[in-house]
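Observations on the three-dimensional arrangement
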Amino acid sequence: MSTQPLPLAGVTVVTVEQAVAAPFATRQLADLGARVVKIERPDGGDFARGYDTAAQGLASHFVWCNRGKESVAVDLKDPRGLALVRKMVAGADVFVQNLAQGAAARLGLDAATLCAAHPWLIAVDVSGYGAEGPYAHKRAYDMLVQCEAGLVSVTGTPEQPVKSGIPAADIAAGMYAFSGVLAALVRRGTTGRGGPVEVSLLDSLAEWMGHPLHHGMHGGAAPARTGLAHAVIAPYDAYPTTDGLVLLSVQNDREWRRLAERVLGRPELADDPAFATNTARVAGRAATDAVVAAALAPLTAAEALARLDAADIACARLNSVAELADHPQLTARDRWREVESPVGPLRALLPPIVFPDAPEPRMDRIPALGQDTDEVLAELGVPEPQVKELREAGVIA
């Protein structure tokens, strides 16, 4: 039985956001109990709404990043609309924005301006490359930042660099914005003051590049692209069986001994100088992979995994996205819920952060554009005739 509320219950967030980075951050806040009011353009809203129609007519990115929010459609370029948003911010705990560099400052919605006016407010500026420097005003889409941060240079095969299959730069920035808000809330709890928070996609992904960065800076060369293999550990790769690929990872020489004795059927390799240490196995990667592949090739994937599990060797299947959606571990742990949306219920995963002594994370609806405009304006005390006038003028929707 839950004994505590969700940790962000009572926290109000106003956000002027688009695409993935900021929406992903604020969705985490909503999941943990915060009220999140999403400000969108009346003429189409967050442009991520139009990325695709894969989620039963809705855009898959938007479905992923925007559950549990209230949508208020306001034209920020109209002084009347901007005044409404400033009034919302005045009553909020947190403000988040990821407009194009300089746009928030022109509207007076940048973190520095808002925090000067509201000392208790936590205001987050999410940008592509940061507020200063030669790249400050460059457009910063996820793939471009993946390239600038070097992620693409270490991802793929020796012949072909590739981008990550997920928006890694956006996700990294979103998670640092989320954790930045949490840290600022803790600080406000002790000091009574909020303050600005700055997060950039490049800084975030550069931090995630720590292993290849330090390997390259201090070791002389960045790790090579090795496909599914690990650049500095062997064996750590995908190997064919009779009915699919199986991945395994040997992290130390004790595990190599177990693999040699109990899976490969080659106990002599445990002490063979050509294989006994990770350094030797990496240097002779082709030979290492050959002996592992030869042992697994006659087996089915299920047989190979069973043998590896019995030897306590880390292993996995190479699942498709469809197989992830039906993953037995997610099912066994009851990780799926249904979320309401304008097109009906949609499956969604519970968020990864679990509080066993609190209610389940909020999995509220995905809003239609402007679905909550009237309710939020009523809370602000805007009279109905004025709401009607603003709607007729296209200031709200």
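Predicted model, so just to flag it, every value in this text is computed and none were measured. (Residues numbered from 1 in each chain as written. Predicted model: local features only at pLDDT ≥ 70, side-chain atom pairs only at ≥ 80, totals over all residues. Heavy atoms only, no water.)

1. Side note on the pattern of salt bridges
Throughout the structure, instances matching the rule amount to 21 salt bridges. Close ionic contact of Arg41 with Asp43 constitutes a salt bridge, the shortest N to O distance being 2.9 Å. Its relative accessible area of 54% is what places Asp43 among the exposed residues. Counted as one network, the salt bridges with shared partners bring together Glu17, Lys38, Asp46 and Lys69. (Salt bridge = Lys/Arg side-chain N within 4 Å of Asp/Glu carboxyl O. Buried < 20%, exposed > 50% of the residue type's maximum accessible area, 1.4 Å probe, protein only.)

2. Some details on the packing of aromatic side chains
Under the defined criterion, the tally for this structure stands at four aromatic pairs. With centroids separated by 5.1 Å and ring planes inclined at 45°, the aromatic side chains of Phe24 and Trp64 adopt a geometry described as tilted. Here Trp64 lies in helix 2 (residues 60–65) and Phe24 lies in helix 1 (residues 21–31), a separation of 40 residues in the sequence. Ring plane angle 10° and centroid distance 6.0 Å describe the contact between Trp256 and Phe275, whose orientation is recorded as stacked. Residue Trp256 is found in helix 10 (residues 253–262), and its partner Phe275 is found in the loop between helix 10 and helix 11 (278–283); the two are separated by 19 residues along the sequence. (Phe/Tyr/Trp six-rings, centres within 6.5 Å; stacked < 30°, edge-to-face > 60°. Helix = DSSP H or I, 4+ residues; strand = E, 2+ residues; numbered from the N terminus.)

3. Topic: helix 1
Here helix 1 lies mainly inside the structure; eleven of its eleven residues are buried. Along helix 1, the positions that sit buried rather than exposed are Ala21, Ala22, Pro23, Phe24, Ala25, Thr26, Arg27, Gln28, Leu29, Ala30 and Asp31. Following helix 1 by one or two positions, Gly33 adopts a phi angle in the positive range, close to 110°.

4. Let's talk about the nonpolar core
Ranked by size, the top nonpolar core spans 34 residues in total, and within it Val13, Val94, Val124 and Val126 carry the most contacts. Mapped by element, the contributors of at least two residues to this core are helix 1, strand 4 (94–97), strand 5 (122–127), helix 7 (168–191), strand 6 (195–200) and helix 8 (201–208). A total of eight residues in this core trace back to one element, the largest contributor, which is helix 7. Sequence-distant contacts of Val13, defined by excluding residues within four places in its chain, comprise Thr26, Leu29, Ala34, Arg35, Val36, Val37, Val94 and Val96. Of all hydrophobic cores here, the second largest spans 32 residues; its members include Ala92, Leu121, Val382 and Leu390. (Core = buried A, V, L, I, M, F, W, Y, C linked by side-chain atoms within 4.5 Å. Contact = heavy atoms within 4.5 Å.)

5. Quick notes on the side chain of Asp372
Position of Asp372 relative to the elements: it lies in the loop between strand 11 (346–349) and helix 16 (373–379). Of the residues examined, Asp372 reaches a relative accessible area of 3% and is grouped as buried. What Asp372 contacts, discounting residues up to four positions off in sequence, is Lys69, Glu70, Ser71, Val72, Arg365 and Pro367.

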